[in-house]
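Residue-level structural notes
What follows is the residue order along each chain.
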Amino acid sequence: MTLLILAAFLGLITALIAQSKGRSFGAWWLYGFLLFIVAIVHVLLVPSLRTATSKSHELRDCPYCAEPIKLQASKCKHCGSEVVPLPSKAETHGDGTKIAWNRVAVLALSVGITFIIIRFFGVK
Ligand SMILES: [Zn+2]
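Residues numbered from 1 in each chain as written. Predicted model: local features only at pLDDT ≥ 70, side-chain atom pairs only at ≥ 80, totals over all residues. Heavy atoms only, no water.

Brief notes about the overall build of the chain
To be explicit about the condition: Per the convention used, a helix needs a DSSP run of H or I reaching at least four residues, while a strand needs a run of E reaching at least two, with both numbered from the N terminus. Burial here depends on accessible area, computed with a 1.4 Å probe over protein chains only, as a share of the maximum for the residue type. Under 20% is buried, over 50% is exposed, and the range in between is partly exposed. For every accessible area listed, the method is Shrake-Rupley and the probe measures 1.4 Å; residues are considered covered only by the protein chains on display.
A count of helices and strands for the chain gives 6 helices and 2 strands. Taking all 124 residues of the chain together, 25% fall into the buried category. Of the roughly 8,800 Å² of accessible surface on the chain, a fraction of 69% belongs to carbon and sulfur atoms.

As structure tokens, this is what we get:
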């Protein structure tokens, strides 16, 4: 019974990370509940849907020929005009480092919990 509660709690960690990446909370909770060790590694490696969609939309129109070009571009690929490069949305938010540290903290936490499980429920 205790193990069941613990598994539900561990599933919750997986689900929260998945949710922060724009993925299904319920599906990842079940995944984490059943296969925590696999799910926690999987959810940390899986790319975020939010950053993936925002990156593909980092375009603006060239002021000279009105064709879509990248925000960071200093030269238009369509007409060759010099344009002022703009910082990308991901850089302006500046959450790249923060997310990385979050992942490290969660990973360290999950490793710690795994050790506790092995200590309390492992074979002697
Ligand atoms: Zn252009």
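Describing the environment of E67
On the secondary structure map, E67 appears in the loop between β1 (59-61) and β2 (68-70). We classify E67 as partly exposed; its relative accessible area is 36%. As a C-alpha pair, E67 and C79 span 12 residues in sequence and 8.7 Å in three-dimensional space.

Looking at the confidence of the model for the chain
Rules: For every residue, the predictor assigns a confidence score, pLDDT, that lies between 0 and 100.
In this model, the chain carries a mean pLDDT of 82, and residues with pLDDT of at least 70 account for 81%. Here helix α5 (residues 89-93) stands out as the element of the chain with the lowest mean pLDDT, 54, in contrast to helix α2 (residues 25-34), whose mean of 93 is the highest.

Some points on the coordination of the zinc ion
Under the convention used in this document: Any N, O or S atom lying within 2.8 Å of the metal counts as a donor, with the limit raised to 3.2 Å for Na, K and Ca; because water is left out of the atom set, some sites can appear incomplete. Sites are called tetrahedral only when four donors show all angles between 85 and 135 degrees, square planar or octahedral only when four or six donors show opposite pairs over 155 degrees and all other angles between 65 and 115, and irregular in any remaining case.
Coordination sphere of the zinc ion, protein contribution only: C62 (SG), C65 (SG), C76 (SG) and C79 (SG), at 2.3 Å. Coordination at the zinc ion is tetrahedral, judged from the 4 donor atoms that bind it and the angles of 105 to 116° they form at the metal. Ordering the donors of the zinc ion by residue number gives the pattern C-x2-C-x10-C-x2-C. Taking the relative accessible area as the measure of exposure, C62 reaches 3% and is therefore buried.

Considerations on a nonpolar patch on the surface
Applicable threshold: Residues forming no salt bridge and having over 30% relative accessible area are the ones grouped into patches, like charges within 9 Å of each other and nonpolar side chains (Val, Leu, Ile, Met, Phe, Trp, Tyr) within 5 Å. The term salt bridge refers to a pairing of a side-chain nitrogen on Lys or Arg with a carboxyl oxygen on Asp or Glu at a separation within 4 Å.
Judged by side-chain polarity, L30, L34, L35, I37 and V38 come together as a nonpolar surface patch covering roughly 480 Å² of accessible area. The residue L34 is located in helix α2 in this model. Judged by its relative accessible area of 61%, L34 is exposed.

Some points on the packing of helix α1 (residues 2-20) against α2
Let me state the cut-off plainly: Angles shown run from 0 to 180 degrees and are taken between the N-to-C directions of axes, each axis being a line fitted to C-alpha atoms and, for helices, limited to the stretch in contact. Comment on the angle field: the value is read as roughly parallel under 35 degrees, roughly antiparallel over 145, roughly perpendicular from 65 to 115, and oblique elsewhere. The crossing is said to be left-handed when, going from far helix to near helix, the turn is anticlockwise and less than a right angle, and right-handed when the turn is clockwise. Whether two residues touch is decided by their heavy atoms; if any such pair falls within 4.5 Å, the residues are in contact. Classification used: nonpolar for Ala, Val, Leu, Ile, Met, Phe, Trp, Tyr, Cys and Pro, charged for Asp, Glu, Lys and Arg, polar for all others including Gly.
At a minimum axis distance of 7 Å, the contact between α1 and α2 shows a crossing angle of 140°. For the element pair α1 / α2, the angle class is oblique. In the packing of α1 onto α2, the handedness of the crossing is right-handed. Touching L4, A7, A8, G11, L12, T14, A15, L16, A18 and Q19 of α1 are F25, W28, W29, G32 and F33, all from α2. Its residues assigned to classes, the contact of α1 with α2 shows 11 nonpolar, 4 polar and no charged.

With respect to unusual backbone geometry
You will see that A66, though not glycine, has its phi angle at about 65°, which is positive. Classification of A66 by relative accessible area gives exposed; the value is 53%.

Considerations on α1
Quick reminder of the rule: One fewer than the residue count of a helix, multiplied by 1.5 Å, yields its expected span.
Taking 1.5 Å of rise per residue, the 19 residues of α1 would be expected to cover 27 Å, and the 28 Å separating its terminal C-alpha atoms lies within 8% of that figure. All buried positions along α1 are accounted for by A7, L10, G11, I13, T14, A15, I17 and A18. Positive backbone phi, approximately 75°, marks G22, located one or two places after α1.

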